[in-house]
Amino acid sequence: MNKEIIIKNDNNEEKKFDILFTFESEETNKKYVTYTDYSKDYKGKIRCWSSYFEGEELHPVKTENELRIIDEMLRTLSRSTELKYSIEE
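Residues numbered from 1 in each chain as written. Predicted model: local features only at pLDDT ≥ 70, side-chain atom pairs only at ≥ 80, totals over all residues. Heavy atoms only, no water.

Caption draft 1: Region of interest: the pattern of salt bridges. Summed over all chains, the structure comprises 6 salt bridges. Among the ionic pairs, glutamate 4 bridges to lysine 16, the shortest N-O distance being 3.9 Å. A residue pair is termed long-range when its members are at least 10 positions apart, and glutamate 4 in strand E1 (residues 4-8) and lysine 16 in strand E2 (residues 14-25) qualify at 12 residues. Glutamate 4 gets classed as partly exposed once you look at its relative accessible area, which sits at 42%. The partner of arginine 68 in a salt bridge is glutamate 27, and the shortest N-O contact between them spans 3.1 Å. Linking arginine 68 in helix H1 (residues 64-88) with glutamate 27 in the loop between E2 and strand E3 (30-36), this pair joins segments that are 41 residues apart in sequence. With relative accessibility at 35%, the residue arginine 68 sits in the partly exposed group. Residue glutamate 27 is classed as exposed on the basis of its relative accessible area, which comes to 52%. (Salt bridge = Lys/Arg side-chain N within 4 Å of Asp/Glu carboxyl O. Helix = DSSP H or I, 4+ residues; strand = E, 2+ residues; numbered from the N terminus. Buried < 20%, exposed > 50% of the residue type's maximum accessible area, 1.4 Å probe, protein only.)

Caption draft 2: Spatial organisation of the nonpolar core. Core analysis: the biggest nonpolar cluster contains 7 residues, these being Phe21, Phe23, Tyr32, Tyr52, Val61, Ile69 and Ile70. At the level of secondary structure, the elements contributing two or more residues to this core comprise E2 and H1. Sequence-distant contacts of valine 61, that is, excluding residues within four places in its chain, are made with Tyr32, Ser50, Ser51, Tyr52, Glu66, Leu67 and Ile70. Counting residues in each nonpolar core, the second largest holds 5 residues, with Ile5, Phe17, Ile19 and Tyr35 among its members. (Core = buried A, V, L, I, M, F, W, Y, C linked by side-chain atoms within 4.5 Å. Contact = heavy atoms within 4.5 Å.)

Caption draft 3: Main features of a nonpolar patch on the surface. Judged by side-chain polarity, Leu20, Tyr38 and Ile46 come together as a nonpolar surface patch covering roughly 300 Å² of accessible area. Considering the arrangement of structural elements, one finds leucine 20 in strand E2. Since its relative accessible area comes to 42%, leucine 20 is described here as partly exposed. (Patch = residues over 30% accessible without salt bridge, like charges linked within 9 Å, V, L, I, M, F, W, Y side chains within 5 Å. Areas by Shrake-Rupley, 256 points an atom, 1.4 Å probe, with all protein chains shown as cover.)

Here's what the structure looks like:
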């Protein structure tokens, strides 16, 4: 799998993003990808976005349920990383 993804904006300009993670949800039967360009928001936090695949096409995540599923996955991955590094220290 590529570690980068190129997405076209509304002006048909291409922008490169790094893929943070992908996963498939049994609840929605969709495959999701979360990615970033490492830009920061007004609070100084790194921005990331999520989309889902329909074939080879990416579509924006729009429902609260899907956002909840992605947020849960992000929290799970974050806890796993924290646990891994606290055990290794």
